Amino acid sequence: MTTIYHNPRCSKSRATMKILEEKGIRPIIVEYLATPPDAATLDSFLTRLGMEPRELMRKGEAPYKELNLKDTTKSREELIAAMVENPILIERPIVVNGEKVALGRPPENVLDIL
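Cut-offs used in this document
- Residues numbered from 1 in each chain as written.
- Predicted model: local features only at pLDDT ≥ 70, side-chain atom pairs only at ≥ 80, totals over all residues.
- Heavy atoms only, no water.
- Pairing = 2+ DSSP bridges.
- Helix = DSSP H or I, 4+ residues; strand = E, 2+ residues; numbered from the N terminus.
- Axes fitted to C-alpha atoms, helices over the stretch in contact; angles between N-to-C directions.
- Contact = heavy atoms within 4.5 Å.
- Left-handed = near helix turned anticlockwise from the far one by under 90°.
- Nonpolar A, V, L, I, M, F, W, Y, C, P; charged D, E, K, R; others polar.
- Core = buried A, V, L, I, M, F, W, Y, C linked by side-chain atoms within 4.5 Å.
- Buried < 20%, exposed > 50% of the residue type's maximum accessible area, 1.4 Å probe, protein only.

### Considerations on the sheet that holds strand β3 (residues 94-97)
Here four strands make up an open sheet; going across it, the order is β2-β1-β3-β4 and the pairing mixed. Among the strands making up the open sheet, the edge pair consists of β2 (28-31) and β4 (100-103). When strand polarity is set aside, the average angle formed by the axes of neighbouring strands in this sheet is 20°. Across the sheet, helix α1 (residues 11-22) lies against β1 (2-6), β2 and β3, angled at about 165° from β1, the strand it touches most. Where helix α2 (residues 39-49) meets the sheet, it contacts β1, β3 and β4, and its direction lies at approximately 85° from that of β4.

### Considerations on the side chain of N97
As for its placement among the helices and strands, N97 is situated in strand β3. The contacts of N97, once residues within four sequence positions are left out, are M1, T2, I113 and L114.

### Observations concerning the packing of α2 against helix α4 (residues 76-85)
In the contact formed by α2 and α4, the axes pass within 9 Å of each other and the chain directions differ by 115°. Judged by the twist between their axes, the crossing of α2 over α4 is right-handed. Two secondary-structure elements touch here, α2 through A39, L42, D43, L46 and T47 and α4 through R76, I80, M83 and V84. Residues belonging to the contact of α2 with α4 are distributed by class as follows: six nonpolar, one polar and two charged.

### Quick notes on the nonpolar core
Grouped together as the largest cluster of nonpolar side chains are 21 residues, with contacts concentrated most on Y5, L42, F45, L56, L69, M83 and I94. When residues of this core are traced back to their parent elements, those giving at least two are α2, α4, β3 and β4. When residues in this core are grouped by element, the largest group, four residues, is from α4. If we ignore the near neighbours within four places in the chain, the residues touching F45 are Y5, P37, I94, V96 and V101. Of all hydrophobic cores here, the second largest spans nine residues; its members include M17, I19, V95 and V110.

Next comes the structure, spelled out in structure tokens:
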């Protein structure tokens, strides 16, 4: 089963969807701005991606600055909580295929987990 954490307004997210469809994959679509992953799920994604929270954050978004998320004293848990509370901070799209996870930036990254 393949799931995409998707923002239909994002060109990279739409391009990733197109790749999945071209491969004959009909993913479960989670519009993460309306239904963000919980902290445990996000932590699991980060672990499987081999990333730290800031690497999966959209640093140009207002909450990043407002919450001073560049502060290096903030813990992993605090950063993940900020992403759960402000899902606009989460880089997209995230594709999950079984135990494998890929960030669709660039969209072709997802080919590695299909």
